[in-house]
Amino acid sequence: MRKVIGIDIGGTSVKAGLFTAEGVLETTASMPTGRLVGERAFAEVAGMLFGLLRERGARPGDVVGVGFDVPGPVDARGNVGFLANIELDADGLKAAMRKAFPQANLAFVNDANAAAIGEYWQGAGCELPSFVLVALGTGVGAGVVVDGRLVSGAFGTGGEIGHLTVVRDETRACGCGGHGHLEQYASALGVVRAYQEACARRGTSPVSLSGPTDTLAVFDAHRAGDEAAREAVSRMCDALGFAMAQVSAVVDPAAFLIGGGVGGGFDLFANELRAAFRTYCMPPCADARIIPAALGNAAALYGSAYLALAQTE
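All values derive from a computational prediction rather than experimental measurement.

Time to look at the overall build of the chain. For the chain, the count of helices and strands is nine helices and twelve strands. Whereas a compact globule of 313 residues would reach a radius of gyration of roughly 20 Å, the chain reaches 19 Å, a difference of no more than 12%. Considering only C-alpha atoms, the chain reaches an extent of 60 × 45 × 35 Å along its principal axes. Considering only contacts in the chain between residues 6 or more positions apart, those separated by 24 or more positions represent 63%. A total of about 13500 Å² of accessible surface is found on the chain, and carbon and sulfur atoms cover 50% of it. A distance of 3 Å separates the average location of the 24 positive side-chain charges in the chain from that of its 32 negative side-chain charges.

Here it is in structure tokens:
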């Protein structure tokens, strides 16, 4: 039996999915990201993957491809650039996976690019000639698909819209070291921080938060009439709509797919985001659809698995 593994390395967790060669997701597992440096960390990742195989009665030799996606630029040769939100020894992880799965082809890809390919393969992008997948999670990224082809760029930074400057006078630094980047306002971290700051200005107490990325609690507070939460979500929509308008002027996609963990609240902010985009975009671009992605948090798993599988054909 031929199997392929997709691995989504995020800021808070490492998720893995075991697929058939036909693209059926059979089972998944996850673990905290931590520091992915050193043999002990690599052994933990390999152990999680071996567990998936045992669950389905498969062996390491059945794995023909292992695809990884990471929250940072990856060039066409699979070389990983800077990583703003995680600590990862990419070369060390590659070597460990080659040892664990000697018969498998390895693929490294940017996480948002992986999500875009996943949506193009099995999700909301199947019928679209061109689209931009906007991944809103611990960070912000995008995957650009034009005429059925992924646009990753000469240096692997195609789609890095999280690092578009949307506020020029911001003094607080982004994780990459820049200032005023979209990621600072539209990521899960950015939304929660904006909510806490709005509460402080208003002299109100924030709702209970499970952590610094708990946008679900902020969205629930918004639905319950919390004005500070409403302000935080509006700030996110304004910054994101502005950035999407800039992307539209360059790429002119037929649609924007909104995914990632923050994208789970799309029904709450969809109309406000569409209005912000149309405020800033050129008139001909205003007809671009803004719709939810279909595969949820599994999109990057599908895409990374697909790219690894494609190298075997």
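Strand-to-strand pairing in sheets goes through backbone hydrogen bonds, with the strands running parallel or antiparallel. Reading across the sheet, the five strands line up as β3-β2-β1-β5-β7 and stay open at both edges, with mixed pairing between neighbours. Looking along the sheet, the strands with just one partner apiece sit at the ends: β3 (25–32) and β7 (105–110). Averaged over all pairs of adjacent strands, the angle between strand axes in this sheet comes to 15 degrees, irrespective of strand direction. The pairing of strand β1 (residues 3–9) with strand β5 (residues 63–70) spans six bridges and is classified as parallel. Looking at β5, one finds that V4 is bridged to G65. Against the sheet, helix α1 (residues 39–55) contacts β1, β2 (13–20), β3 and β5, and its axis sits at roughly 155 degrees relative to β3. Sitting on the sheet, helix α9 (residues 299–310) touches β1, β2, β3, β5 and β7, and the angle it makes with β1 is about 130 degrees.

Contact geometry of helix α6 (residues 215–223) with helix α7 (residues 227–251) gives a least axis separation of 7 Å together with a crossing angle of 115 degrees. In terms of crossing hand, the pair formed by α6 and α7 is left-handed. In this structure, α6 uses V218, F219, A221 and H222 to contact α7, whose residues at the interface are A229, R230 and V233.

With that settled, consider the packing of α7 against helix α8 (residues 266–280). Interaxial distance between α7 and α8 falls to 7 Å at its minimum, and their mutual angle equals 45 degrees. The orientation of α7 with respect to α8, classified from their angle, is oblique. Crossing handedness for the pair α7 and α8: right-handed. Where α7 abuts α8, its residues V233, S234, M236, C237, D238, L240, G241, F242, M244, A245 and S248 lie against F269, E272, L273, A276, F277 and Y280. Among the residues forming the contact of α7 with α8, the class breakdown is twelve nonpolar, three polar and two charged.

Formed by 46 residues in total, the largest nonpolar core has its most connected members in L182, F256, I258 and F269. When sequence neighbours within four positions are dropped, the list of residues in contact with I258 reads V134, L136, M244, G263, F266, F269, L273, I290, I291, P292 and A293. Counting residues in each nonpolar core, the second largest holds 33 residues, with I9, V14, V74 and A104 among its members.

Take the pattern of salt bridges next. Taken as a whole and judged by the stated rule, the model has eleven salt bridges. Put simply, K3 and E26 hold a salt bridge, and the shortest N to O gap is 2.7 Å. On the criterion of sequence distance, the pair formed by K3 in strand β1 and E26 in strand β3 is long-range, its members being 23 residues apart. Its salt-bridge partner being R35, residue E87 comes within 3.1 Å of it at the nearest N-O pair. Of the two residues, E87 is situated in strand β6 (residues 87–88) and R35 in strand β4 (residues 35–36); the sequence distance between them amounts to 52 residues.

Right, let's get into the layout of surface pockets. Of the voids in this model, the largest pocket is the one considered here, and its volume is about 740 Å³. If you go around the largest pocket, you meet 42 residues; those closest to its centre are L136, G137, T138, G260 and G261. Among the secondary structure elements, those contributing two or more residues to the lining of the largest pocket are β2, α3 (111–122), β8 (130–136), β9 (140–146) and α9. The dominant element in the lining of the largest pocket, judged by the number of residues it contributes, is α3, at four residues. Here the residues of the lining of the largest pocket sort into 16 nonpolar, 19 polar and seven charged. Roughly 450 Å³ of internal volume is contained in the second largest pocket.

Procedures and definitions
Residues numbered from 1 in each chain as written. Predicted model: local features only at pLDDT ≥ 70, side-chain atom pairs only at ≥ 80, totals over all residues. Heavy atoms only, no water. Helix = DSSP H or I, 4+ residues; strand = E, 2+ residues; numbered from the N terminus. Rg over C-alpha atoms; globule rule 2.2 N^0.38 Å. Contact = heavy atoms within 4.5 Å. Areas by Shrake-Rupley, 256 points an atom, 1.4 Å probe, with all protein chains shown as cover. Lys, Arg positive; Asp, Glu negative; His and termini not counted. Charge placed at Lys NZ, Arg CZ, Asp CG, Glu CD. Pairing = 2+ DSSP bridges. Axes fitted to C-alpha atoms, helices over the stretch in contact; angles between N-to-C directions. Left-handed = near helix turned anticlockwise from the far one by under 90°. Parallel < 35°, antiparallel > 145°, perpendicular 65-115°, else oblique. Nonpolar A, V, L, I, M, F, W, Y, C, P; charged D, E, K, R; others polar. Core = buried A, V, L, I, M, F, W, Y, C linked by side-chain atoms within 4.5 Å. Buried < 20%, exposed > 50% of the residue type's maximum accessible area, 1.4 Å probe, protein only. Salt bridge = Lys/Arg side-chain N within 4 Å of Asp/Glu carboxyl O. 1 Å grid on protein atoms, 1.4 Å probe; cavity = no way out; pocket = protein on both sides within 12 Å on 5 of 7 lines; lining within 4 Å. Points joined across faces, edges and corners; volume = space filled by probe spheres on them.

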